[in-house]
Amino acid sequence: MSGPLLTTIAGFALVLLAVAVIPVLAARVRLPVATLQASLGISLGAVILLAAGPLGQDMPPAAATALVEPLRALLDALAALGAQGVLALFLPPLLFDAALRVDTRLLVADLAPVLLLAVVAVLLTTALVAFGLTLTGTMPLLWAILLGAVVATTDPSAVLGVFREVGAPRRLQALVEGESLLNDAAAIVLFVAVSEILRGGVAPSPSAASAAFAWSFLGGGLLGAGLGYLGGLVIVRLRAHADAVVTISLALPYLAFVVAERSLGVSGVVAIVVAGLVLGRTLDASLPPALARQVLSLWGQLASWAGALVVVGATLLIPVILRPAMFDVGGLVAVVVACLVARALVLYALLPLLARARIAQPIDQSYRFAMLWGGLRGAVTVALALTVVTDATLGGAEAAQVAMLGCAFVLVTLFIQAPSLPLVLRWLDLGGLSRFDRLLKSQAGRAASQRVAERATDLRISFGLEMAESALPTEALLAAPVTEPPESERRERMLAALASLTEREAEVYREFHDTGFIGERAAPALLRGPAVLAETLRAEGLTAYATAAKRELAYDRALRLCQWTYRRLGVAGPLARTLAVRYELVLVRRAALMRLRRDVADDLAIMIDDDSATRVDTVLSARLEGHQKAIDGLRGQYPAFARALESRLLTRATLRLEREIYRELRDDGLLSGAAFGELQQEVVAKQRATQRLPRLDLRIDRGRLLARVPLVEQLDPRTQGRLRRALRPGLVVPGDRLIRRGDAGDSMFFIADGAVEVRWPGGRSTLGSGDVFGEIALITGQPRTADVVALTYVQYLVLRRDDFDRVTARDEAFRRALTALAAARAHEQRLPADVSRETGDVVAGG
């Protein structure tokens, strides 16, 4: 193996060893990791510089060989990569890892402000930086725009590390996370476009440049979405093979980058980001948590290495390649001021406009100031600066100046803003424990003390420690008098307990998912639900929490669309699948709520007062009761379907248990590897079978239904045939309103299965299978006189006015029979009726 290659590998190893120590040191000195990485790079660069000068003559030859030469070889390797190599090698880990970890639910909820901060802020920052640098005469306009694109990128890892350390609110973290991710994509697209102009020497027209920017951004997004979706499908299919899943996730961002840049001419960076967002949702929803953690662990490590190498490698260049004589203090001040002004304009001038237009939820003043001061730069900015200085086609003093100012600005944010950010967050009261967490901490301490006190004697006897003295560090807490809390504190305790229970509910769903109890279709909603409840409770209180809990049982837009498709087109498959997923959601939520009530009842009694514990239990009971009613409704209407679904869930759980038993037998040496492999394959085949949803037959036998309707029995076969062909199927869920009092009547209904309640002023009645309703308004042309609400799942056939007119025009007997029924219903509802003997019309009916 060649000597230069070994020397480069040695330099790589030395940097990794130094980087490995940095997180430990960062925790002790309480500084961001990126700040210490930059310090390391500058220090190593200084060593190389000193070794090349007069002082280097006094350096022992062994030290020069062991330290300086490997570092120089590493720098030469980075320079040999060139601009494209740096981008292609280091950007995918940095961006893909960040995209995988983004909570897409929170991103979508704040999409408007995130896009404003990502796209508009990038353009504004670039423009102001370019204006400031040209105004001070630091560099030409195009080079100033290039530097503006470089410094417009932000680094989520540095600022989010600080946010998590001080316990910043989740929404603030999500805003910064989403902004940084999309911000980097937009800035890099702009950077690449300006770089191409500098290389070619010809600037396109503004319209052509805008069109190229839009196509690069949107095209990359579409490609990333497609590849992320396909990658997710493959990963879900191969989830039993962890190595294959991890390897596919490793290949995906590089494949997206290459296809985007070389084949389609769109932004590879945007493709990586969108592919990561799409695949991240798949990891959350469709993979076992242990496997998802394995994928995230790999990408976290790769991103950590890439970021460290970029920051250390680029800051190595500062003392070695970029001489102090090239440094322009005025240019740096212009960049710092322009970036802060641009960010302030977006946060304080443009962002409130979104709230006034009701496009986005308002963002608190403290959040905005934290985001202003938290606009740190890091690995991505340094990577772009390194790209400029290693690009032979750019070259020249301007390229070196761009790299110098870009790296200098990164150092300003890392050495000034980053260390002071925790102080700013605490000053804004955005750090530390929330009031919920403080209450829970206080109550948890007392609960733990009581349990330790109860078990200390048993422990002494169990371990034979008769001579040991009692060592309870919380005896003072136990001895403290217990006072009856005021009502306001009771409410706070109840809210804190509910927040804790919601987090525990999320853990139960993750456990269910890990054991295979939850299917792929139901997993996203179940895993996302507790986060929605927790955020609602913390932000808006108990009433909003109760409303959000009721929405769990609401019928969503997907089901409404399937209902419409079934009613209009007669296509039943999507509706049956949607109902199956809903039933699974309700069953799993009920199981989780039952476990919560069973497992935490004793803990609640200890952690909060009895009255608050009773209130919490009442809230859980209300949720549990609602889910039980939903289950009873489907069981009563479609018992065979419900039985098949519940059997499917139980089979999943038992198959997972079966796999664990086989694994234990193998580990104990009671089962050979070959036998274990065959048994595992058999279980996997059975598990695949459980992914198929049982069939819900929503077909309606029109002939059999009409035969049960006395009104239709007397019709001649030809009229029955016309009526049968005119009827259209439909399905409604419990609580749906089929007819609203006062509306115009344009149809009548035949109940195939289920029950409805007819409600009119002064009374109500129930109709079931074989009954007809809605005929009064259809005959008279008058508004509806009653509400009709589904009591259960109801399958029906509907006869529209046009079809009704055609059928009754040919069969007067059918019309007379309907008229008689309408008159009887009108009498029952005590409506003023005037039945014409000649036309059979009921005037003033329903």
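Attention here is on the structure that accompanies the text.

What counts and what doesn't
Residues numbered from 1 in each chain as written. Predicted model: local features only at pLDDT ≥ 70, side-chain atom pairs only at ≥ 80, totals over all residues. Heavy atoms only, no water. Helix = DSSP H or I, 4+ residues; strand = E, 2+ residues; numbered from the N terminus. Buried < 20%, exposed > 50% of the residue type's maximum accessible area, 1.4 Å probe, protein only. Contact = heavy atoms within 4.5 Å. Areas by Shrake-Rupley, 256 points an atom, 1.4 Å probe, with all protein chains shown as cover. Pairing = 2+ DSSP bridges. Axes fitted to C-alpha atoms, helices over the stretch in contact; angles between N-to-C directions. Expected span 1.5 Å × (residues − 1). Bend = angle between axes of the 7 residues up to and from the residue. Phe/Tyr/Trp six-rings, centres within 6.5 Å; stacked < 30°, edge-to-face > 60°.

### Comments concerning the overall build of the protein
Move 1: Summing up its helical and strand segments, the protein has 32 helices and ten strands in all.
Move 2: Scored against the burial criterion, the 846 residues of the protein give a buried share of 50%.
Move 3: A fraction of 80% describes how many contacts in the protein between residues 6 or more apart in sequence connect residues 24 or more apart.
Move 4: For the protein, the computed accessible surface area is about 39400 Å², with 60% contributed by carbon and sulfur atoms.

### Notes on the sheet that holds strand E7 (residues 787-790)
Move 1: Strands sit in the order E2-E7-E4-E5 across an open sheet of four strands; the sheet is antiparallel. The sheet is open, and its two edges are formed by strand E2 (737-739) and strand E5 (763-767), each paired on a single side. Going from strand to strand, the sheet's axes swing by 25° on average, the running direction of each strand aside.

### Regarding helix H5 (residues 111-135)
Move 1: Look at H5: 35 Å from first C-alpha to last across 25 residues, which is about the 36 Å you get at 1.5 Å a residue.
Move 2: Taking the largest bend as the criterion, H5 deviates by roughly 35°, centred on Ala 121.
Move 3: At the exit of H5 stands Gly 137, carrying a positive phi of roughly 70°.

### Thoughts on the packing of aromatic side chains
Move 1: On inspection of all chains with the given rule, the structure shows four aromatic pairs.
Move 2: Arranged with centres 5.4 Å apart and planes meeting at 75°, the rings of Phe 749 and Tyr 796 form a pair that is edge-to-face. Of this pair, Phe 749 sits in strand E3 (residues 747-753) while Tyr 796 sits in strand E8 (residues 794-800); the two residues are 47 residues apart in sequence, bridging distant segments of the chain. We note that Phe 749, like Tyr 796, is buried.

### A word on the sheet that holds strand E6 (residues 772-773)
Move 1: Read from one edge to the other, the open sheet built from four strands follows the order E1-E8-E3-E6, with strand pairing classed as antiparallel. Among the strands making up the open sheet, the edge pair consists of strand E1 (728-732) and E6.
Move 2: Along the sheet, helix H22 (residues 557-569) makes contact with E1 and E8, crossing E1 at roughly 160°.
Move 3: Against the sheet, helix H31 (residues 801-810) touches E3 and E8, its axis set at about 65° to E8.

### A few points about helix H25 (residues 639-667)
Move 1: Given a rise of 1.5 Å per residue, 29 residues ought to cover 42 Å, and the 42 Å separating the end C-alpha atoms of H25 matches this to within 8%.
Move 2: Among all positions of H25, only Phe 641, Ala 642, Leu 645, Arg 648, Leu 649, Arg 652, Leu 655, Arg 659 and Tyr 662 are buried.
Move 3: After H25 finishes, the residue Gly 669 shows a positive phi value of roughly 80°.

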